[in-house]
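# Summary of structural features
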Amino acid sequence: MAQLSPLLKQATPVVVDRGEGVYLYDVDGRRHLDFTAGIGVTSTGHCHPKVVAAAQEQVGKLIHGQYTTVMHQPLLKLTERLGDVLPAGLDSLFFANSGSEAVEAALRLSRQATGRPNVIVFQGGFHGRTVAAATMTTSGTRFSAGISPLMGGVHVAPFPYAYHYGWDEQTATEFCLRELDYLFATVSAPNETAAFFVEPVLGEGGYVPANTAFMQGLRARADEHGILLVLDEIQTGFGRTGKFWGHDHFGVRPDVVTIAKGLASGFPLSGIATSKELMAKAFPGSQGGTYGGNAVSCAAALATLDVIEEEGLVANAAARGRQLLEGARLVGDKTPGIGEVRGLGLLVGSEFTTADGKPDTATAQAAQQEAARRGLLLLTCGAYSNVVRMIPPLVVSAEQIDEALGIWGETVAAVTK
């Protein structure tokens, strides 16, 4: 009998029967608060009626129309609709299926458009699991171990993770920008650097927000040296951070954004957006794919965008995010084993550390498992998996946040006695 790969380790013991909004119901009928949202994917909650209706209607019309063979209405409508929400000047789109594919498409475009071989990524970033994307990922060695040789031309600069360095944010930021300039002088000359790839908030790297000085420092260096600024908005886009795009918090202009996750409420869809001028510099035949821009996924994405707008989900993410961060910090303040609680919008992480300040992976994982036993589904992240992260759907209510925080407080007290 065939079985799933034993390498697919489950974060929780839940076998799901159905989902509704912020809740998952298992095969025994027990209800669970889902603060994983499919790792930030089910932005409008599980099975939002408008998304379900749009997908069902599309399934009855056209499931798949390969978009370099024929064109279909959901893709055309989605492209037009995204024009209303994309950053200014980004008016050309390429669609794929996964975040990794989007990152690789942005990498390909960056090298082809600039004629330069190198890219710079930032410590703790996660960009995917395919070979190029895994090479660009530094949030943990598990994503690239055992598949060397990795792709050449990728260089790593520090990210302003102030808690990790033991510094204040300004000191960490100044250090990171100074080290980036040193990287230019010692490893990758500016005229050989095609792009910076950076997340507005480190995702797998520990839910560490960037800051305005750092992001604007990248923009200034990109402008000075003709380098492209590629913002990986795969986890932070579509309202997740309390603004439509994560980079909106920092007043910075991207040359390229990568998108996926919350775009289609659970249907596989990703892409890159840039200017028509820059996209035209990609080589003919360099973009394509069998399933990219799938008709059903595009229909779900159109419905998702409607729900985000009609239900005010960006504003809800901002308000509920403040509530969640404040509540998690209250728990952290009472718990010596939680070194820092941080986040942006509905991305909140609690970092567990030992008495001497070292990563406490065991307690973080115990807390994540205990929370699941109590009906709250969470995940861990960070290089040492010592950060417990909360990623509820954007539809989460104040009452559901309070319910989750109550469970979280009881959980932390239980595992840190």
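Residues numbered from 1 in each chain as written. Predicted model: local features only at pLDDT ≥ 70, side-chain atom pairs only at ≥ 80, totals over all residues. Heavy atoms only, no water.

### Points about the packing of aromatic side chains
Within this structure, the stated rule accounts for 12 aromatic pairs. Taken together, a centroid distance of 6.2 Å and an interplanar angle of 35 degrees make the contact between Phe184 and Phe196 tilted. On the criterion of sequence distance, the pair formed by Phe184 in helix 7 (residues 169-186) and Phe196 in strand 7 (residues 193-198) is long-range, its members being 12 residues apart. You'll find Phe184 and Phe196 in the same group, each marked buried. Between Phe238 and Phe244, the aromatic rings sit 5.5 Å apart at their centres with planes inclined by 65 degrees, giving edge-to-face as the arrangement. By the ring-pair criterion, three or more aromatic residues cluster together here, those being Phe122, Phe159, Phe184, Phe196 and Phe214. (Phe/Tyr/Trp six-rings, centres within 6.5 Å; stacked < 30°, edge-to-face > 60°. Helix = DSSP H or I, 4+ residues; strand = E, 2+ residues; numbered from the N terminus. Buried < 20%, exposed > 50% of the residue type's maximum accessible area, 1.4 Å probe, protein only.)

### Some details on the state of the cysteines
One pass over the structure, following the stated rule, counts zero disulfides. In this model Cys176 remains outside any disulfide bridge; the closest cysteine sulfur is found in Cys381, 18 Å from its own. Cys298 carries a free sulfur, and the closest cysteine sulfur to it, the one in Cys47, is 19 Å from it. (Disulfide = S-S within 2.5 Å.)

### What to know about the domain arrangement of the chain
One can read the domain layout of the chain as domain 1 (13-44 + 312-416) and domain 2 (50-310). A straight line from the C-alpha centre of domain 1 to that of domain 2 covers 25 Å. At the interface, 35 residues of domain 1 touch 33 residues of domain 2. Together domain 1 and domain 2 conceal approximately 2600 Å² of surface at their shared face, both sides included; 58% is due to carbon and sulfur atoms. For the interface between domain 1 and domain 2, the tally reads one salt bridge. A salt bridge links Arg389 to Glu204, with the shortest nitrogen-to-oxygen separation between them at 2.9 Å. At the junction of domain 1 with domain 2, the criterion picks out 16 residue pairs in polar contact (both at pLDDT 80 or more). Listed by contribution, the elements that provide at least two residues to the side of domain 1 that touches domain 2 are helix 1 (37-40), helix 11 (313-333), strand 13 (338-343), strand 14 (348-352) and strand 17 (387-390). For the side of domain 1 that touches domain 2, the class distribution of residues is 19 nonpolar, 12 polar and four charged. (Domains from an automatic or database assignment. Contact = heavy atoms within 4.5 Å. Buried area = accessible area lost by both parts, 1.4 Å probe. Salt bridge = Lys/Arg side-chain N within 4 Å of Asp/Glu carboxyl O. Polar contact = N/O pair within 3.5 Å; in protein donor to acceptor, adjacent residues only side chain to side chain. Nonpolar A, V, L, I, M, F, W, Y, C, P; charged D, E, K, R; others polar.)

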